Amino acid sequence: MMLGLKGKSFVVGGASRGLGQAVAEQLVAEGARVLLVARDATTIQEVAQELGEQAYPCAANLSEASNIDEVVEATTRLGGLDGVLVNAGGPPFGPALELSDDQWLEAFRILIGGPVRLLRALVPRMNEGASVLFVTSSSVRQPIKNLDTSNVLRPGVAALAKCLANELGPRIRVNSLAPGRIDTARSRSLDESRAQALGISVEEQRRNVSEGIPLGRYGQPEELGRAAAFLLSPAASYITGVSLQVDGGLVSAIP
């Protein structure tokens, strides 16, 4: 299938590692220009060099209002804007009542406040037929133990994507991706924390989790990257308001 991404331009959040980097790699491989956004200036510059001349680094913390203008200004290098991947670092670990007010507020800024601010600035600059894609989590359908900021707020992000699909259509499509256990630094950190709490090895923890996934393994970042590239592309021109699970069948909820 031809995705029709050659010459298109995208902003990708959280592009210095993990899922954001995987999506950026797929978009560049399909011929798109990508503005790579992440907090660490050194790391994002290195990723841009790896991806080549179609990738442009932009060091910015999207949870901070003062950084949004830097991203908007950097988009002028793209010569138009055809899509945005809304993706940020994970919120704090912990059960609901043990998290402080500051931790809850930080989680809100990361998952909802920053993305709304970013899209408020970028949507007016987006081309006809453009797309927005949020990266959420399997927690939008099924709570994850000891990760209540995600369990509470990420379903709100999926709802935000639905609202925006209604409000921005037909000019702009809006969808979300709900990854399950993808083999990233964050999932490895979560496994280490749980293994320590249970008094087992990280390898045993991963085996236990994998046994609950119908496909029997963790996903690879590039597998999510391919799904994201499709939803961002003109090939998905009649898909909007969708939350797509990329989880190997982990979430068993119906519907």
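This one's a predicted model, so the numbers in the text were calculated from it and none came from an experiment.

Engineer: Honestly, the overall build of the protein chain in this entry has me stumped. Any pointers?
Structural biologist: Per the secondary structure count, the protein chain includes eight helices and seven strands. The long-range share in the protein chain, meaning contacts at least 24 apart out of those at least 6 apart in sequence, stands at 69%. Split by element, the accessible area of the protein chain, about 12,100 Å² in all, is 52% carbon and sulfur. Placing the 24 positive and 27 negative side-chain charges of the protein chain at their respective mean positions leaves the two points 5 Å apart.

Engineer: Would you take a moment to explain the packing of aromatic side chains for this structure?
Structural biologist: Here a ring pair, both rings aromatic, is described through the centre-centre distance and the interplanar angle of the planes. Tallied over the full model, the rule gives zero aromatic pairs. Over the face of the ring belonging to Tyr218 we find Arg206, whose NZ or CZ atom lies 4.1 Å from the ring centre.

Engineer: Explain a negative patch on the surface here, please?
Structural biologist: Judged by side-chain charge, Glu25, Asp40, Glu46, Glu50 and Glu222 come together as a negatively charged surface patch. By the element assignment, Glu46 lies in helix 2 (residues 41-51).

Engineer: Looking at this model, I keep getting lost on the pairing of strand 6 (residues 172-179). Mind explaining?
Structural biologist: The side chains of a regular strand alternate, first on one face of the sheet and then on the other. Across the eight residues of strand 6, eight count as buried, placing the element largely inside the fold. Burial along strand 6 is two-sided: Ile172, Val174, Ser176 and Ala178 facing one way and Arg173, Asn175, Leu177 and Pro179 facing the other are all buried. Pairing geometry for strand 5 (residues 126-135) and strand 6, over six bridges, is parallel. What sits directly across from Val135, in strand 6, is Leu177. Across four bridges, strand 6 lies against strand 7 (residues 243-246) in parallel orientation. Bridge assignment links Leu177 to a residue of strand 7, and that residue is Leu244.

Engineer: Please explain the packing of helix 4 (residues 101-122) against helix 5 (residues 148-168) as it appears in this structure.
Structural biologist: The axes of two packed helices give the description: the angle between them and the distance between them. Running from N to C, helix 4 and helix 5 point in directions that differ by 15°, and their axes come no closer than 9 Å. Of the possible angle classes, the one that applies to helix 4 and helix 5 is roughly parallel. Crossing handedness for the pair helix 4 and helix 5: right-handed. In this structure, helix 4 contributes Trp104, Ala107, Phe108, Leu111, Ile112, Val116 and Leu119 to the contact, and helix 5 contributes Asp148, Thr149, Val152, Leu153, Arg154, Val157, Leu160 and Leu164.

Engineer: How should the pairing of strand 1 (residues 9-13) be read in this particular structure?
Structural biologist: Within strand 1, five of the five residues are buried, which leaves the element mostly enclosed by the surrounding structure. Side chains Ser9, Val11 and Gly13 of strand 1 all project onto a buried face; the interleaved residues Phe10 and Val12 project onto the opposite face, where all are buried too. Both strand 1 and strand 2 (residues 33-38) contribute to a ladder of five bridges, which runs parallel. Looking across to strand 2, one finds that Val11 is bridged to Leu35. Crossover strand 1 to strand 2 through helix 1 (residues 18-29) is right-handed.

Procedures and definitions
Residues numbered from 1 in each chain as written. Predicted model: local features only at pLDDT ≥ 70, side-chain atom pairs only at ≥ 80, totals over all residues. Heavy atoms only, no water. Helix = DSSP H or I, 4+ residues; strand = E, 2+ residues; numbered from the N terminus. Contact = heavy atoms within 4.5 Å. Areas by Shrake-Rupley, 256 points an atom, 1.4 Å probe, with all protein chains shown as cover. Lys, Arg positive; Asp, Glu negative; His and termini not counted. Charge placed at Lys NZ, Arg CZ, Asp CG, Glu CD. Phe/Tyr/Trp six-rings, centres within 6.5 Å; stacked < 30°, edge-to-face > 60°. Lys NZ or Arg CZ within 6 Å of the ring centre and 35° of its normal. Patch = residues over 30% accessible without salt bridge, like charges linked within 9 Å, V, L, I, M, F, W, Y side chains within 5 Å. Salt bridge = Lys/Arg side-chain N within 4 Å of Asp/Glu carboxyl O. Buried < 20%, exposed > 50% of the residue type's maximum accessible area, 1.4 Å probe, protein only. Pairing = 2+ DSSP bridges. Axes fitted to C-alpha atoms, helices over the stretch in contact; angles between N-to-C directions. Parallel < 35°, antiparallel > 145°, perpendicular 65-115°, else oblique. Left-handed = near helix turned anticlockwise from the far one by under 90°. Right-handed = clockwise from strand over helix to strand, strands pointing away.

In short, geometric facts, not functional conclusions.
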